[in-house]
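Geometric and topological summary
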Amino acid sequence: MIIRSKAPLRLGLAGGGTDIATYYNLYGGNVLNATIDMYAYCILEPTDNGTIVFRANDLEKEEEYRAESVLPVSNALQLHTGIYNRITADYNKGKPLSFIMTTYSDAPAGSGLGSSSTMVVAIIKAYTEWLNLPLGEYDIASLAYKIEREDLGLAGGKQDQYAATFGGFNFMEFYQDEKVIVNPLRLKRWIRNELEASLVLYYTGVSRESANIIKHQIENTKKNDTKSIENMHELKHQAVFMKEALLKGDMKNFSGCLLKGWLAKKNIAESISNSFLDDLYRYVLDNGAESAKISGAGGGGFMMIYCNPCNRVNLIRSLRKKEGNVIVTSFTEIGTQAWTIYNN
């Protein structure tokens, strides 16, 4: 028997950063995102030899353990060991499991597409399929968040886990007491097609540690930094405005929200942008783009660029003169999935 699972990566369209607890517990957060056809994958092969093997093929890391109820949390593969510990404790009566797990992702770590949290969701989904766990979408997303933020102490927001679990275009609301509302957007087909024709995804080639950037944002919120909090409010407002623009197919206002959101994002913490990203931003505007933003926490990773479809080819040609990579992708409406293959 082999269990396979996958979960889609996401583009943060607007409101990213207001899904951090220090902000939404006080003011409430709004995020608009959409999943794309790039995935985190997990393959789980149950064994009976009393060992656990974790293989992260994209990271070129492998670790083997004796099957115990609690594994030491590995620095190299802390997500894998952290998830295992929570699953055995909460859903397997503390009994150890024996298996081989192989994981990999379509996007590099630090890409700004939510790759780490998406991997957590994919792994939880594989366990859910194997152990027949009674976990719905909200349950999986909430569990993924708790493992990352509480069990492992990793700084970050809350949108990625819900995007990977639910899939599609979603307007998310975050409140105190861990209340989350995911509102799926029913976009007309032509609006989705127009958006795909207008967006260019560009990997800057610069990986960044999102946790460090988010820590700066958290510190600014805790010390009640007026500039940071006012710009967070602006991010939240732009998420609402962009949602309305998308539902109406108002692409001009969508582009405007993208630009205003990035300008507000830059003012939350100094580490969100840098001279490299500022130069790249000017370059894309000079070569046919109308607006753009860095996806995720900032500092590097993927740049999401909006342009007139007539200018798309020339913009891509100009970007290919740079050192990064243009990624061709489209939106997906389905969240995390798992399936079982039975050996003949």
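Check the entry above for the structure.
Numbers given for residues are sequential positions, taken from 1 along each chain in its written order. Whole-chain, interface and lining totals are the exception, using all residues; otherwise, since this is a predicted model, local features are given only for residues with pLDDT of at least 70 and side-chain atom pairs are given and counted only at 80 or more. Working from all heavy atoms in the structure, the side-chain values ignore hydrogens and water.

Turning next to the sheet that holds strand S10 (residues 302-307). Read from one edge to the other, the open sheet built from four strands follows the order S9-S10-S8-S11, with strand pairing classed as antiparallel. Only two strands of the sheet have a single neighbouring strand rather than two, namely strand S9 (289-294) and strand S11 (325-327). On average, adjacent strands in this sheet sit at an angle of 30° to one another, irrespective of strand direction. Two strands qualify as a pair provided that DSSP identifies no fewer than 2 bridges between them. Secondary structure is summarised from DSSP: a helix means a run of H or I of at least four residues, a strand means a run of E of at least two, and numbering begins at the N terminus for each. As defined by bridge partners, strand S8 (residues 199-203) adjoins S10 across five bridges and the pair is classed as antiparallel. Paired with Val200 across the two strands is Ile305, which belongs to S10. Along the sheet face, helix H10 (residues 275-286) touches S8, S9 and S10 and points at about 155° away from the line of S9. Should any heavy atoms of two residues lie within 4.5 Å, those residues are considered in contact. For helices, the axis comes from a line fit to the C-alpha atoms of the stretch in contact; other axes are also lines fit to C-alpha atoms, and the angle between any two N-to-C directions lies between 0 and 180 degrees. Helix H11 (residues 312-319) contacts S8, S9, S10 and S11 of the sheet and is inclined by roughly 5° relative to S8.

Pairing of aromatic rings covers Phe, Tyr and Trp, the last counted by its six-membered ring, and requires centre-to-centre distances within 6.5 Å; plane angles under 30 degrees mean stacked, over 60 mean edge-to-face, and any other angle means tilted. Tallied over the entire structure, the rule returns 17 aromatic pairs. With 5.0 Å between their ring centres and 40° between their planes, Tyr23 and Tyr27 make a pair best called tilted. Pair noted here: Tyr23 and Tyr27 are both in helix H1 (residues 21-27), with a separation of four residues, about one helical turn. Under the relative-accessibility criterion, Tyr23 is labelled buried at 0%. Between Phe99 and Tyr127 the ring centres are 5.9 Å apart and the planes differ by 85°, which places this aromatic pair in the edge-to-face class. Within this pair, whereas Phe99 is found in strand S5 (residues 99-105), its partner Tyr127 is found in helix H3 (residues 115-131), the two being separated by 28 residues in sequence. Each member of the aromatic cluster is reached from another via a ring pair, and the members are Phe54, Tyr65, Tyr84, Phe99, Tyr127 and Trp130. Two thresholds decide whether a charge sits over a ring: the Lys NZ or Arg CZ must be within 6 Å of the ring centre and within 35 degrees of the ring normal. Residue placement shows Lys243 over the ring face of Phe171; its charged tip is 4.4 Å from the ring centre. Relative accessible area decides the class of each residue, using a 1.4 Å probe on protein chains only: under 20% of the type maximum gives buried, over 50% gives exposed, and in between gives partly exposed.

A pocket, in this scheme, is an open set of points on a 1 Å grid over the protein atoms alone with protein on both sides within 12 Å along at least 5 of 7 lines, while a cavity is a set where a 1.4 Å probe fits but cannot get out; residues line either one if an atom lies within 4 Å of a point. Grid points are joined across faces, edges and corners, and a volume is the space filled by probe spheres set on the points. By volume, the second largest pocket is sized at about 180 Å³. In terms of lining, the second largest pocket is formed by Gly167, Gly168, Phe169, Asn170, Pro184, Leu185, Arg186, Leu187, Lys188, Arg189, Arg192 and Glu333. Those elements that provide at least two residues to the lining of the second largest pocket are strand S6 (169-174) and helix H6 (189-198). Looking at side-chain class alone, the lining of the second largest pocket contains four nonpolar, three polar and five charged residues. Polarity classes work like this: nonpolar for Ala, Val, Leu, Ile, Met, Phe, Trp, Tyr, Cys and Pro, charged for Asp, Glu, Lys and Arg, and polar for all others, with Gly in that last group.

Right, let's talk about empty space enclosed by the protein for a bit. Using the criterion set out here, one finds one cavity of 30 Å³ or more in the structure. Reported here for the largest cavity is a volume of approximately 90 Å³. Surrounding the largest cavity, Leu11, Ile36, Leu195, Glu196, Leu199, Val200, Leu201, Arg312, Ile327, Thr329, Ser330 and Phe331 form its lining. Listed by contribution, the elements that provide at least two residues to the lining of the largest cavity are H6 and S8. Broken down by element, the residue count for the lining of the largest cavity peaks at three residues, all from S8. Looking at side-chain class alone, the lining of the largest cavity contains eight nonpolar, two polar and two charged residues.

Locating Leu235 in the fold gives a position in helix H8 (residues 226-248). Filtering out sequence-adjacent residues up to four positions away, Leu235 remains in contact with Gly15, Gly16, Thr18, Gly261, Ala264, Lys265 and Ile268.

In this sheet, strand S7 (residues 180-184) lies alongside S6 in antiparallel orientation, the contact comprising five bridges. From the neighbouring strand, Phe171 faces S7, where its bridge partner is Asn183. Hairpin geometry of S6 and S7 is characterised by an intervening segment of five residues between the two adjacent antiparallel strands and by a positive phi of about 65° at Asp177.

What follows concerns the packing of H3 against helix H5 (residues 159-166). At their nearest, the axes of H3 and H5 sit 8 Å apart, and the two run at 50° to each other. In terms of their interaxial angle, H3 and H5 are classed as oblique. For the element pair H3 and H5, the recorded crossing hand is right-handed. Residue-level contacts link Ser117, Thr118 and Val121 of H3 to Asp160, Gln161, Ala164 and Thr165 of H5. Its residues assigned to classes, the contact of H3 with H5 comprises two nonpolar, four polar and one charged. The cut-offs work like this: below 35 degrees is roughly parallel, past 145 is roughly antiparallel, 65 to 115 is roughly perpendicular, and the gaps in between are oblique. Less than a right angle of anticlockwise turn of the near helix away from the far helix marks a crossing as left-handed, whereas a clockwise turn marks it as right-handed.

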